[in-house]
Amino acid sequence: MQDYHQSIISSIQTQETTVFATIFSPDDNFLVSCASSGLVSIFHLPSIISSTFAPSSSLPLPPFHPCLTFFAHEGPIYCACFINEDLLVTGGDQETRGWSWSVICHMCSEAGFKARREDDPTIFMKFKICAPQTRGPRDALTMLPETNGVVYDTARNTLWTATGDKRGYGFDVHTLQCNTTLRGHTDYLHSIALRKGTGQPLTGSEDGTLRVWDPATGQHVSVLEPHKSFSGPSPQSDTPGGGKWVGAISVSENDTWMACGGGFRGVLVYHLPTLTVSRTHRIVGATQALVYDHASKLLSTGNEGVVYHWAQDGAMEHKLAVGASSVWSLANSSKNRMFAVGGSSPQIDMYMNWGHVAFSM
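A few points on the structure. (Residues numbered from 1 in each chain as written. Predicted model: local features only at pLDDT ≥ 70, side-chain atom pairs only at ≥ 80, totals over all residues. Heavy atoms only, no water.)

1. Observations regarding the nonpolar core
Put simply, the rule reads: Buried residues of nine kinds, namely Ala, Val, Leu, Ile, Met, Phe, Trp, Tyr and Cys, make up a nonpolar core once their side-chain atoms join them within 4.5 Å. In this scheme, a residue with accessible area under 20% of its type's maximum is buried, one over 50% is exposed, and one in between is partly exposed, where area comes from a 1.4 Å probe on protein chains only. Helical segments are the DSSP runs of H or I of at least four residues, strand segments are the runs of E of at least two, and each set is numbered from the N terminus. We call two residues contacting when some pair of their heavy atoms lies within 4.5 Å.
Counting 36 residues, the largest nonpolar core has Val32, Val40, Ile42, Trp101, Ile104 and Leu159 as its most contacted members. The element that contributes the greatest number of residues to this core is strand E5 (residues 77-83), accounting for six residues. Apart from the residues lying within four places of it in its own chain, the contact partners of isoleucine 104 are Ile42, Leu68, Phe70, Leu88, Trp99 and Phe124. Counting 16 residues, the second-largest nonpolar core is a separate cluster that includes Val19, Met338, Ala340 and Met361.

2. Quick look at the sheet that holds strand E14 (residues 200-205)
Let me state the cut-off plainly: Paired strands are those between which DSSP finds at least two bridges. In this analysis an axis means a line fitted to C-alpha atoms, helices contributing only their contacting stretch, and an angle means the value between N-to-C directions, from 0 to 180 degrees.
Reading across the sheet, the four strands line up as E13-E14-E15-E16 and stay open at both edges, with antiparallel pairing between neighbours. In the strand order of this sheet, the two ends are held by strand E13 (189-195) and strand E16 (220-224), each with one partner. The sheet shows a mean angle of 20 degrees between the axes of neighbouring strands, direction not considered. Across six bridges, the pairing between E13 and E14 is antiparallel. Paired with leucine 194 across the two strands is proline 201, which belongs to E14.

3. Side note on the packing of aromatic side chains
Short version of the rule: Two rings from Phe, Tyr or Trp (for Trp, the six-membered ring) form a pair when their centres are within 6.5 Å of each other. A pair whose planes differ by under 30 degrees is stacked, one over 60 is edge-to-face, and the rest are tilted. A positively charged side chain is recorded as over a ring if its NZ (Lys) or CZ (Arg) lies within 6 Å of the ring centre. The angle to the ring normal must also be within 35 degrees.
The tally for this structure, following the rule as stated, stands at twelve aromatic pairs. Their ring planes at 50 degrees and their centres at 5.5 Å tell us that phenylalanine 20 and tyrosine 78 sit as a pair that is tilted. Note that phenylalanine 20 is positioned in strand E1 (residues 19-24) and tyrosine 78 in strand E5, a separation of 58 residues in sequence. Among the residues examined, tyrosine 78 registers a relative accessible area of 24% and is labelled partly exposed. Between phenylalanine 64 and phenylalanine 359 the ring centres are 5.9 Å apart and the planes differ by 90 degrees, which places this aromatic pair in the edge-to-face class. Highlighted residues: phenylalanine 64 in the loop between helix H2 (45-52) and strand E4 (68-71) and phenylalanine 359 in strand E28 (residues 359-360), separated in sequence by 295 residues. Members of the aromatic cluster, connected to one another through ring pairs, are Phe20, Tyr78 and Trp328. Arginine 279 extends its terminal NZ or CZ atom over the ring of tryptophan 257, reaching a point 4.9 Å from the ring centre.

4. Remarks on the environment of threonine 203
As a reminder, the rule being used: Any N or O atom pair separated by 3.5 Å or less is treated as a polar contact, with the protein-specific requirement of one donor-capable and one acceptor-capable atom, and with residues adjacent in sequence counted only for side-chain atom pairs.
For threonine 203, the position within the fold is in strand E14. Taking the C-alpha atoms as reference points, threonine 203 and glycine 168, 35 residues apart in sequence, are found 7.9 Å from one another. In this view, threonine 203 contacts Leu182, His185, Leu189, Ser191, Ile192, Thr209, Leu210, Arg211, Trp213 and Ile249; residues no more than four positions away in its chain are not counted. At a separation of 2.7 Å, a polar atom in the side chain of threonine 203 contacts the side chain of histidine 185. Separated by 2.8 Å, the side chains of threonine 203 and tryptophan 213 make a polar contact.

5. Some points on the pattern of salt bridges
We apply this condition: Salt bridge criterion: a side-chain nitrogen from Lys or Arg within 4 Å of a carboxyl oxygen from Asp or Glu.
Here the structure, examined in full by the defined rule, presents ten salt bridges. Note that arginine 117 is salt-bridged to aspartate 119, the shortest N-O span being 3.3 Å. Aspartate 119 matches arginine 117 in its accessibility class, with the two residues each being exposed. Glutamate 317 is paired through a salt bridge with lysine 297; the nearest N and O atoms lie 3.1 Å apart. In this pair, glutamate 317 is assigned in strand E24 (residues 316-321) and lysine 297 in the loop between strand E21 (287-292) and strand E22 (298-302), connecting sequence segments 20 residues apart. Residue classification places lysine 297 among the partly exposed residues on the basis of a relative accessible area of 24%. Each of the salt bridges in this network shares a partner with another, and the network as a whole consists of Glu74, Glu95 and Arg97.

6. Thoughts on the sheet that holds strand E23 (residues 306-310)
Strands sit in the order E21-E22-E23-E24 across an open sheet of four strands; the sheet is antiparallel. Of all the strands in the sheet, just E21 and E24 have a single pairing partner and so form its edges. Each neighbouring strand pair of the sheet contributes to a mean axis angle of 20 degrees, computed without reference to strand direction. Here five bridges tie E23 to E24, and the two strands are oriented antiparallel to one another. In the strand pairing of E24, tyrosine 308 is matched with lysine 319.

Structure (structure tokens):
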């Protein structure tokens, strides 16, 4: 009877899972998903793709299972990135944690890329870092904020985090010390991206601004208000999740374009060198994830349950209905020419062309 009750509880937890982050490994051979339960799942793509397109494959294909799972955090994981090919970084409530990617890959290979669950992930945990705390009334320490975004600057060997205490932080990866604090936002940060050519962090906040920062001084050099580029009634009045907040930022591979979206029912594309608005896309819902594909075309998604594909001239090329009613993560693989969609569903849908799901995981 106890096993039966546990199976029911596990089933309910699975159905209520939200995938907040998906990311391809540096060699594009693995997909990492991070969920609201604190679970990290590692999928070996060559094995899955070979099974998908094998002559004996029957349709429809069943969901594929991860080759390794482990609980990286005690609560939700909101973001993830890689530090070169060495470390997988995950950000959640209170802490940002680093994991040995080589050990994870070895464990997957050792198990023949079959399903394996690791109950003691501390064996490949490399670090834990937290946002600096300050002292408030009666000398009490402030609460540790959640980490909503992470990005790594290879040139400066700096890990940047966007947190719920209105600040961004830059950590030296060698010393794990916070060297730079980004102060200026008046509400919590949703996201962070990087302009690789200059090393400038870009942050989006609940306060309705997108800020560009000097990585050396921690001072903002530009303050943008994307919601002011759209006219019409306030999205707060008639759209779930509406508002002026900036929830997602993506920079094209060539550092020419920066896209952002949020609660203002639209997606903006800026010419990054001049920070001028190049294109505006009006949509129905809030934007929660953005990514540029291998052809530098923009994908955007959010709480509409659809993914938009925008041409470089601003035209909408595709509008694709997806399985999750609210999408929180988009990841693009240039090598495999595919993108992953994760959100308010326990499954991740993989697309290799527009129009249908290639397979689910």
